[in-house]
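Reading the structure
Residues per chain are reported as follows:
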Amino acid sequence: MLTCSGAFSGFSATDVDAERAFYADRLGFGATMDHGILNLVLPSGQRVIVYPKDDHQPATFTVLNLEVADINAAVDELSAVGVVFEHYDGAAQDERGIQREYGPPIAWFKDPAGNILSVIQTA
């Protein structure tokens, strides 16, 4: 078994400064820059990095799921700071973008680089 001191995830973006503004100013995450890489500290204390990539192509899947206790409150809070929720064909979402038909309630949105994120009600 590999012995390691921790783990973190990461994904790319074209404009790391725009990512910093989005994650720090809109979402309220801790954010610092180190050698051109954005270090995010999520409310749970987990770390995620966002690294610059000139030919960045956003993933077609969710790169970061944010667990919330109340999906309605989370969507309201994010909408109030200008976050726009995605609507996908066949996903049975309500007018706010919340999918409640299968699995836990979830709503998807994108960061400035087009990376897909979600708020997902797990409690």
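See the structure shown above.
Throughout what follows, the structure given in this document is the object of discussion. Please read these numbers as outputs of a predicted model, since none were measured by experiment.

Attention now goes to the pairing of strand 8 (residues 116-121). Where burial is concerned, most of strand 8 is hidden: five out of the six residues are buried. Here six bridges tie strand 5 (residues 62-68) to strand 8, and the two strands are oriented parallel to one another. Note on strand 8: the bridge partner recorded for Asn-65 is Ser-118. In this structure, strand 7 (residues 106-110) lies alongside strand 8, joined through five bridges in antiparallel fashion. Across the sheet, the residue bridging to Ala-107 is Val-119, located in strand 8.

Pairing in this open sheet of four strands is mixed, and the strands run 1-4-3-2 from one edge to the other. Each edge of the open sheet is held by one strand with a lone partner, namely strand 1 (9-13) and strand 2 (30-34). On average, each strand axis in the sheet is tilted by 25° relative to the strand beside it, whichever way the strands run. Looking at chain direction, strand 2 and strand 3 (residues 37-41) are connected through five bridges and run antiparallel. Within strand 3, the residue paired with Gly-30 across the bridge is Val-41.

Procedures and definitions
- Residues numbered from 1 in each chain as written.
- Predicted model: local features only at pLDDT ≥ 70, side-chain atom pairs only at ≥ 80, totals over all residues.
- Heavy atoms only, no water.
- Buried < 20%, exposed > 50% of the residue type's maximum accessible area, 1.4 Å probe, protein only.
- Helix = DSSP H or I, 4+ residues; strand = E, 2+ residues; numbered from the N terminus.
- Pairing = 2+ DSSP bridges.
- Axes fitted to C-alpha atoms, helices over the stretch in contact; angles between N-to-C directions.

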